[in-house]
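Chain by chain, the residues:
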Amino acid sequence: TRNIRLVKLEAPLRLSLARLDKDALGPYRFVEAEIIEPEVLSSLGTEKYIQWTLVDESVADETDPTRWVRLFITYYTGQPDPVPHVPDKCFFGSGYLIKAAEDVEIDVPEVKEQRVPLRVLEFEKKGRVGQQNPIVAYTFGANGTFAAGRNDVRMLLSDPFEPYSYFSKVEVHFGTGRDDGLSRPMVIAATQKLFRVLLPVLVEQHWPDWEL
């Protein structure tokens with residue numbers, strides 16, 4: 001018989017996110033890492049994160065907004081109240097309105113699941129300097145699989161027969177911050193391209209080995 005586990009045990013990373021192999025991300029070149037201020041980090045609820053800027057060197061056109069990538073990965077484990085931060089809430093708290101949202105699946109044949117759910121959000125913010133329309137895409141790796149929404153992650157983590165729990169949000173947005181003509185289809189295609197490189201590295205080297 002399987003024991004019911006209401007209190008989840010921690011599942012530590014096999015390798016720190018900060019040690020993510022930059023050379024394994026080609027054609028994406030690491031540009032810089034952003035350090036989150038301590039007061040912001042406390043609200044994030046974890047110190048296990050990376051916030052990197054990458055350049056897709058396979059995109060020759062330097063005006064193409066998908067050439068520039070902002071990658072934000074966070075990791076949580078053993079959390080009693082999981083999934084505290086998603087762009088839906090965090091951008092809204094910064095004055096953005098959700099202009100459009102869609103949930104899609106992208107092909108990532110390099111990982112076991114092969115189809116990865118992705119949430120794509122287009123925001124809008126009007127100000128004195130003009131209008132901003134950032135588009136953000138994200139997925140979660142959670143307990144050996146992928147999910148796109150907070151509720152889906154919570155369901156995975158609440159399995160009463162699973163003693164361990166973890167989830168990791170992988171969030172990306174593209175461009176230079178200007179209104180540079182990005183569309184949701186462009187972001188979905190660019191995210192799929194990045195995830196085919198990135199997710200296998202996270203699954204095989206960093207996240208817990210859920211097969212054990």
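All values reported here derive from a predicted model rather than from experimental measurement. (Residues numbered from 1 in each chain as written. Predicted model: local features only at pLDDT ≥ 70, side-chain atom pairs only at ≥ 80, totals over all residues. Heavy atoms only, no water.)

## Things to note about the overall build of the protein chain
For the protein chain, the helix and strand inventory stands at 4 helices and 10 strands. Secondary structure elements of the protein chain occur, N-terminal to C-terminal, as β-β-α-β-β-α-β-β-β-β-β-α-β-α. In the protein chain, buried positions account for 45% of the 212 residues. Partitioning the intrachain contacts of the protein chain with sequence separation of at least 6 by distance along the chain shows that 68% fall at a separation of at least 24. For the protein chain, the accessible surface area stands at approximately 11300 Å², while carbon and sulfur atoms represent 50% of it. (Helix = DSSP H or I, 4+ residues; strand = E, 2+ residues; numbered from the N terminus. Buried < 20%, exposed > 50% of the residue type's maximum accessible area, 1.4 Å probe, protein only. Contact = heavy atoms within 4.5 Å. Areas by Shrake-Rupley, 256 points an atom, 1.4 Å probe, with all protein chains shown as cover.)

## Overview of the side chain of arginine 67
Checked against the element boundaries, arginine 67 lands in the loop between strand E3 (49–56) and strand E4 (68–77). No salt bridge is formed by the buried arginine 67. Its closest oppositely charged neighbour is glutamate 62, at 4.1 Å. Sequence-distant contacts of arginine 67, defined by excluding residues within four places in its chain, comprise Leu54, Val55, Asp56, Glu57, Val59, Asp61 and Glu62. (Lys, Arg positive; Asp, Glu negative; His and termini not counted. Salt bridge = Lys/Arg side-chain N within 4 Å of Asp/Glu carboxyl O.)

## Here's the deal with the layout of surface pockets
Of the volumes computed, that of the second largest pocket is approximately 230 Å³. Forming the boundary of the second largest pocket are 13 residues, of which Glu113, Gly144, Val203, Trp210 and Glu211 lie nearest the centre. When grouped by side-chain class, the residues that make up the lining of the second largest pocket number 6 nonpolar, 2 polar and 5 charged. (1 Å grid on protein atoms, 1.4 Å probe; cavity = no way out; pocket = protein on both sides within 12 Å on 5 of 7 lines; lining within 4 Å. Points joined across faces, edges and corners; volume = space filled by probe spheres on them. Nonpolar A, V, L, I, M, F, W, Y, C, P; charged D, E, K, R; others polar.)

## Observations regarding the pairing of E4
Within E4, 8 of the 10 residues are buried, leaving the element largely enclosed by the surrounding structure. As defined by bridge partners, E3 adjoins E4 across 7 bridges and the pair is classed as antiparallel. Bridge pairing in E4 places leucine 54 opposite valine 69. Relative to strand E10 (residues 164–174), E4 runs antiparallel, the two sharing 9 bridges. Directly across from isoleucine 73, in E10, lies its bridge partner valine 170. (Pairing = 2+ DSSP bridges.)

## Points about the confidence of the model for the protein chain
When the pLDDT values of the protein chain are averaged, the result is 88; 89% of them are 70 or greater. Helix H2 (residues 87–93) is the least confidently modelled element of the protein chain, averaging 67 in pLDDT, while strand E2 (residues 28–33) averages 98, the highest of any element. (pLDDT = per-residue confidence, 0-100.)

## Here's the deal with the packing of aromatic side chains
In total, this model carries 7 aromatic pairs according to the counting rule given. Measuring from ring centre to ring centre gives 5.7 Å for tyrosine 75 and tyrosine 166, while their planes differ by 20 degrees; the resulting arrangement is stacked. Separated by 91 residues along the polypeptide, tyrosine 75 in strand E4 and tyrosine 166 in strand E10 bring together distant segments of the chain. Looking at tyrosine 75, the relative accessible area reads 0%, which means it is buried. Overall, the relative accessible area of 2% leaves tyrosine 166 in the buried class. Where tyrosine 76 meets phenylalanine 167, the ring centres are 4.8 Å apart and the plane angle is 10 degrees; that geometry is what we call stacked. With tyrosine 76 in strand E4 and phenylalanine 167 in strand E10, this pair connects stretches of sequence that are 91 residues apart. Following the ring pairs from residue to residue traces out a cluster consisting of Tyr76, Tyr138, Phe140 and Phe167. The ring centre of phenylalanine 30 lies 4.7 Å from the NZ or CZ of lysine 22, which sits over that ring. (Phe/Tyr/Trp six-rings, centres within 6.5 Å; stacked < 30°, edge-to-face > 60°. Lys NZ or Arg CZ within 6 Å of the ring centre and 35° of its normal.)

## Examining the nonpolar core
Considering soluble globular proteins, one finds that nonpolar side chains tend to be buried as a cluster. Ranked by size, the top nonpolar core spans 38 residues in total, and within it Val170, Phe195, Leu198, Leu199, Leu202 and Trp207 carry the most contacts. Only E3, E4, strand E5 (97–108), strand E6 (114–127), strand E8 (135–142), E10 and helix H4 (184–206) provide two or more residues apiece to this core. At 10 residues, the largest contribution of residues to this core is made by H4. Residues in contact with phenylalanine 195, not counting those within four places in the same chain, are Ile106, Val108, Leu118, Thr139, Val170, Val172 and Pro200. Grouped together as the second largest cluster of nonpolar side chains are 18 residues, Leu44, Tyr49, Tyr76 and Tyr138 included. (Core = buried A, V, L, I, M, F, W, Y, C linked by side-chain atoms within 4.5 Å.)

## Quick notes on the pattern of salt bridges
Per the stated rule, a full pass over the model turns up 11 salt bridges. In this structure, the salt-bridge partner of glutamate 105 is arginine 115, at a minimum N-O distance of 3.4 Å. Placement of the pair is glutamate 105 in strand E5 and arginine 115 in strand E6, with a sequence separation of 10 residues. According to the relative accessible area criterion, arginine 115 is partly exposed, its value standing at 36%. Here the salt bridges do not stand alone but share partners, grouping Lys99, Glu102, Glu122 and Arg184 into one network.

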